Amino acid sequence: MAIIEAEELTYTYPVGEKPAFRDVNLKIEEGEFVIITGPSGCGKTTLCRCFNGLIPHFYGGKLEGEIRVCGLNVKEHPTYEIAQHVGMVFQNPENQLFALSVEKDVAFGLENLGVPRKEIRKRIDWALKITGTYNLKNRPPYELSGGQQQRAAIASVLAMNPDVMVLDEPTSFLDPVGAEKIFEVIGRLNREMSMTIILVEHMLDLVSRYADRIIVMHDGRIMMNGDPREVLVSEEARLVGIGIPKATMLYKILKHRGISLNRPPLYSEEACQVIREALSR
Amino acid sequence: MSVFDGFKFRSISSPIHQLDPRAKFVYVCVLFAVAIMFNNIIPLLILFLIQIPIVFMAKVQKEWMRSMKGSAVFAIMIFAVNLLSLYFYAGHETFTSILERSLAMTVRFIVLVQSFSIFFLTTSPDMLGLALEQSGVPYELCFAFTTAVRFVPVLAEEAQTIIDAQKSRGLEIESGNFLRRIRNYIPILIPLIVNAIRRSLELAETMESRAWGACENRTNLYVLKIKTNDLLLILFSLLLLTVSIYVSIHVYIPPLTSLLM
Ligand SMILES: Nc1ncnc2c1ncn2[C@@H]1O[C@H](COP(=O)(O)OP(=O)(O)O)[C@@H](O)[C@H]1O
Ligand SMILES: [Mg+2]
C-alpha cells in the first residue's frame, strides 16, 4: 500500500477564488525519495500542507477528493495525530525553532506526545548526531547560521521518528555549502533509514542524484511525474522553466549537435563519466 | 551594549546560576520587603553590601556594573526630588538629616535594581518558564513567555535592518519636533508588525506539525528540584526577614551622621 495516496484532490483557500491546486492524483511509496518542483505559486507548498493535515485543519478552506497518509484519512484525523507519521520542515529556518536551546527544541515534539524523559534524552542525542548538530546542543538558535538552524529543525522533526519527512524548500534561505549539507543529511536518511522523503526544491543541480522520482507542478496541476532523467530532459520541463541541472543541459546541447551520450547525467561527476565513456567508444 | 545588558541572562556556570529560580525569587521578594521596611541609611547600605559577594560568586560583575551605571541617572533624579521635597515640606529637620534621608531613598532604589539585575542575570528564561510551569501557571502562558524571550534578539535585529533600509531610502528619523519624530517611526513599525504577524503564523504552523496539544500530560525535558543550596538561600532569606522585622520594631537605628560625628 502507498504511504501517501491522493485522488482527485482539489483545494481552495478560504480567501481564494480559484483552487490553489486541482485534480491531483498522486501515489508515493514507502522509502521513495520524491522531488516536487515547479515555478513559484504553482501550489507546491499548499500540496505539502495536505500531507500532514495543516490543510484542512489549520487553514480551513475547501478540500475535495481523497487523501490518505499512512492509512489515515487526513480529513478525519487531527494534525497532531498525522504529525507523528509525517514530519514537516519549512522554508524559513528561523521560525521553526522557538526554544532557547537546540536541545529543548528537539525535545518539543516528544514533550507534546508525553514521551518519558529518559527516552526523550536518548532520541535527542540520536537525532542531533544524525544531523551533525550534536555540538550545538546547548546553543540558543539565534546564534546559529541558517544552515545549522535548518539542520536543527530537521533534527526536531527526526526525533519524532516519522515515516515520511516533507521538506518545503528547506535551502532557499541558505548558501550553497549549507544547502549541500542539508541534502547530504536528507539523502542519508533516505538511504540508511529508508525514510520516505518528499522534497520541494528549485535547485536540482545538487539534489536530483538522490531522487527516485521528480514531480513537476504547473499552475495548480501535476504536469509530469516520473523518472528524474526522463523528466529533466523532456521539452515540457524546459518550457515550464524548472531548474534543470547543468550536467543535464550539457547532455541536451550535445545531443542537439549530434553527439549522443549513453545516458543523461544529473551532476557534474556523472557528466564527466559519460563523456569519458563516449570518448573511449 | 545598552542598559538592558545589565539584566540579560548570560549562560555561565556558577553556583548562583545553578540555584532554583524559585529560591532566588524568595530571596528577591525578601530583599524587596526589607528594603521597603527601613528608611534609615545604615540597614539599606547593609543590604547593598550583602549582595556584592553574590555578584562575585555569580561572576557577573561587568554586567552588574552596567546595570548600576544605567540606573545612575534615575538614582540622581530620585535623590534630587527627595532632597527638594523634604527641604520644602519638612521645615523643622536639619539639613544633614534631610540629606541622609534622601540618600537612604536613593540607596533603596539601588538595592532594588541590584537584586533585579542579579536575578535576571543569573536565571535563564528557560528555567524561569519552568519555574512558572511548576508553580501551576498554565503551560500555554509559560510557552508564550519563553518564546517571546527567544524572539527578542531576532526582532531587535529585524528592527535595525528595517531602520537601515528606510534610512537608505531617505527617511530621517531624528529630525523635527516631538510629534514629527513619532510619525517618523511609522514606516519602521508597519513592516515590523507585518513581519511579526507572518512570523507568528509560521510558528503556529510549526507547532501544529510537532504535535502541539497531542496529550494532556505533556512531559518536560527538565524538572526543577530544590537542592541543598536552594534550601540554604531560602533559610538565609527567612532569617534576614525575621531579623529585619525584629530590628525595625525593637531597635533604634541611629542616623549615620550621628555616628560619624
Ligand atoms: N495562506 C494562504 N492563503 C491564501 N492563498 C494562499 C495561501 N498560501 C498560498 N496561497 C495561494 O495559493 C497558490 C499556491 O501557492 P503556494 O502553494 O504557496 O505555491 P508554491 O509553494 O508552489 O510557490 C498561490 O496562488 C497563492 O497565492
Ligand atoms: Mg512554496
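Only a predicted model underlies this, so the values are computations on that prediction, with no experimental measurement involved. (Residues numbered from 1 in each chain as written. Chains lettered and ligands numbered in written order. Predicted model: local features only at pLDDT ≥ 70, side-chain atom pairs only at ≥ 80, totals over all residues. Heavy atoms only, no water.)

**Considering the overall build of chain A**
Going by this rule: For the purposes of this entry, the term helix denotes a DSSP run of H or I that reaches at least four residues, the term strand denotes a run of E that reaches at least two, and both are numbered from the N terminus. For a compact globule the rule gives 2.2 Å times the number of residues to the power 0.38, and the radius of gyration it is set against comes from C-alpha atoms. The cut-offs for exposure are 20% and 50% of the maximum accessible area for each residue type, with area from a 1.4 Å probe on protein chains only; residues under the lower value are buried, those over the upper are exposed, and the others partly exposed. With residues, only the protein chains shown are counted as cover, and all accessible areas are computed by Shrake-Rupley using a 1.4 Å probe. Here Asp and Glu are counted as negative and Lys and Arg as positive; His is not counted, and neither are the chain ends. Taken as the charge centre is NZ of Lys, CZ of Arg, CG of Asp or CD of Glu, depending on the residue.
A tally of helices and strands in chain A yields 11 helices and 10 strands. A compact globule built from 281 residues would reach a C-alpha radius of gyration of about 19 Å, and chain A, at 20 Å, matches this within 12%. In chain A, which comprises 281 residues, the share counted as buried stands at 55%. Of the roughly 12000 Å² of accessible surface on chain A, a fraction of 49% belongs to carbon and sulfur atoms. Across chain A, the mean location of the 33 positive side-chain charges is 4 Å away from that of the 37 negative side-chain charges.

**Points about the pattern of salt bridges**
In plain terms, the rule: For salt bridges, the criterion is a side-chain nitrogen of Lys or Arg within 4 Å of an Asp or Glu carboxyl oxygen.
Enumeration over the complete set of coordinates arrives at 19 salt bridges over all chains. As a salt-bridge pair, K122 of chain A and E119 of chain A come within 3.7 Å of each other at their nearest N and O atoms. Linking K122 of chain A with E119 of chain A, this pair stays in helix α5 (residues 117–130), spanning three residues, or about one helical turn. The exposed category is assigned to K122 of chain A, whose relative accessible area is 59%. For E119 of chain A, a relative accessible area of 29% puts it in the partly exposed group. Between R263 of chain A and E270 of chain A there is a salt bridge whose closest N-O contact spans 3.2 Å. A single network of salt bridges, built from pairs that share partners, joins E94 of chain A together with E158 and R199 of chain B.

**Describing the domain arrangement of chain B**
Convention followed: The domain limits used here are those given by an automatic or database domain assignment.
Domain boundaries assigned for chain B yield domain 1 (2–123 + 226–260) and domain 2 (138–209). A C-alpha centroid distance of 34 Å is found between domain 1 of chain B and domain 2 of chain B.

**Examining the interface of chain B and chain A**
Defined as follows: Note on definitions: a residue-residue contact is assigned when non-hydrogen atoms from the two residues lie within 4.5 Å. When two parts are put together, the accessible area they lose, computed with a 1.4 Å probe and summed over both, is reported as buried area.
Taken together, the contact pairs 35 residues of chain B with 42 residues of chain A. Approximately 3400 Å² of surface area, both sides summed, lies buried where chain B meets chain A, with 57% of it carried by carbon and sulfur atoms. Together, R150, R210 and L221 of chain B form the three largest contributors to the area buried by chain B at its contact with chain A, with a combined 27%. Across the chain B-chain A interface, the total number found is three salt bridges. R199 of chain B is paired through a salt bridge with E94 of chain A; the nearest N and O atoms lie 3.1 Å apart.

**A short note on the site of ligand 1**
All names here are of chain A. Note the following rule: We call a residue near a molecule or strand whenever a single non-hydrogen atom of that residue lies within 4 Å of it. Between N or O atoms, a polar contact is any pair within 3.5 Å; within protein, one atom must be a potential hydrogen donor and the other a potential acceptor, and residues adjacent in sequence are included only when both atoms are from side chains. Throughout, the ten residues Ala, Val, Leu, Ile, Met, Phe, Trp, Tyr, Cys and Pro are labelled nonpolar, Asp, Glu, Lys and Arg are labelled charged, and all others, Gly among them, are labelled polar.
Residues in contact with ligand 1, as listed here, are Y13, V15, A20, S40, G41, C42, G43, K44, T45, T46, R49 and Y59. Contacts to ligand 1 include T46, whose side-chain N or O atom sits 2.4 Å from an oxygen atom. In the complex, the protein chains occlude 63% of the 560 Å² of accessible area that ligand 1 would expose alone. Classifying every residue of the shell around ligand 1 gives five nonpolar, five polar and two charged.

**With respect to the sheet that holds strand β4 (residues 62–69) of chain A**
Residues and elements named next belong to chain A. Here is the rule we go by: For two strands to be treated as a pair, DSSP must find no fewer than two bridges joining them. To define axes, lines are fitted to C-alpha atoms, for helices over the stretch in contact only, and angles between the resulting N-to-C directions are given on a 0 to 180 degree scale.
Taken in spatial order, the four strands of this open sheet run β2-β1-β4-β5, and their pairing is antiparallel. In the strand order of this sheet, the two ends are held by β2 (21–28) and β5 (72–73), each with one partner. Relative to β5, β4 runs antiparallel, the two being bridged by two bridges. Counterpart to R68 in the pairing with β5 is N73. With respect to the sheet, helix α1 (residues 44–51) is in contact with β1 (4–12), β2 and β4, its orientation differing from that of β2 by roughly 55°.

**Some remarks on the domain arrangement of chain A**
All names here are of chain A. In terms of domain boundaries, chain A breaks down into domain 1 (2–239) and domain 2 (245–281). Each side of the interface is counted separately: domain 1 has 11 residues, and domain 2 has 11 residues. Taken over both partners, the interface formed by domain 1 and domain 2 buries close to 970 Å², and the fraction arising from carbon and sulfur atoms is 62%. Linking domain 1 to domain 2 there are two salt bridges. A salt bridge links K246 to D205; its shortest N-O distance comes to 3.4 Å.

**Some details on helix α10 (residues 246–256) of chain A**
All names here are of chain A. Inclusion rule: Here the arc refers to the directions that run from the helix axis out to each C-beta atom.
When α10 is considered as a whole, its buried residues turn out to be A247, T248, Y251, K252 and L254. Down the axis of α10, the smallest arc covering the buried residues is 165°, so these residues share one side. Facing away from the buried side of α10 by more than 90 degrees, the exposed set consists of K246 and H256. Positive backbone phi, approximately 90°, marks G258, located one or two places after α10.

**Some remarks on the environment of L239 of chain B**
Residue and element names in this part refer to chain B. As for its position among the elements, L239 is in helix α9 (residues 228–250). A residue is classified by how much of its surface remains accessible, and L239, at 54% relative accessible area, is exposed. Measuring from C-alpha to C-alpha, the distance between L239 and H250 comes to 16 Å, with 11 residues separating the pair along the chain.

**So, the sheet that holds strand β7 (residues 164–168) of chain A**
Residue and element names in this part refer to chain A. Within the open sheet, the six strands sit side by side as β6-β7-β8-β3-β9-β10. Their pairing is mixed. Both outer strands of the open sheet, β6 (86–89) and β10 (221–226), are each paired with one neighbouring strand and no more. On average, each strand axis in the sheet is inclined to that of its neighbour by 15°, with strand direction left out of account. Of the strand pairs in this sheet, β7 and strand β8 (residues 196–200) are connected by five bridges, and their pairing is parallel. Pairing of D168 across the sheet is with V200, part of β8. Along the sheet, helix α6 (residues 146–158) makes contact with β6 and β7, crossing β6 at roughly 165°.

**Comments concerning the nonpolar core**
Residue and element names in this part refer to chain A. Which entries qualify depends on this criterion: Buried Ala, Val, Leu, Ile, Met, Phe, Trp, Tyr and Cys residues that are joined via side-chain atoms within 4.5 Å together make up what is termed a nonpolar core.
Ranked by internal contacts, the top residues of the largest apolar core, which has 56 residues, are F33, M165, L189, I197 and L199. Every residue in contact with L189, bar those within four places of it in the chain, is listed here: I130, I154, L158, M165, S194, M195 and I197. Counting 34 residues, the second-largest nonpolar core is a separate cluster that includes F21, V24, I82 and I215.

**A short note on empty space enclosed by the protein**
Note the threshold: Buried and open spaces are told apart on a 1 Å grid over the protein atoms alone, a cavity being a set of points where a 1.4 Å probe fits but cannot get out and a pocket being an open set with protein on both sides within 12 Å along at least five of seven lines. Residues with an atom within 4 Å of a point are the lining residues. Grid points are joined across faces, edges and corners, and a volume is the space filled by probe spheres set on the points.
Scanning all chains against the criterion turns up two cavities of 30 Å³ or more. Its boundaries defined by the atoms lining it, the largest cavity holds a volume of some 150 Å³. Around the largest cavity sit 14 residues that line it, and K104 of chain A together with D126, Y139, F143 and T146 of chain B are the ones nearest its centre. Those elements giving two or more residues to the lining of the largest cavity turn out to be α4 (102–112) of chain A together with α5 (125–134) and α6 (139–168) of chain B. Taken together, the residues of the lining of the largest cavity break down into seven nonpolar, three polar and four charged.

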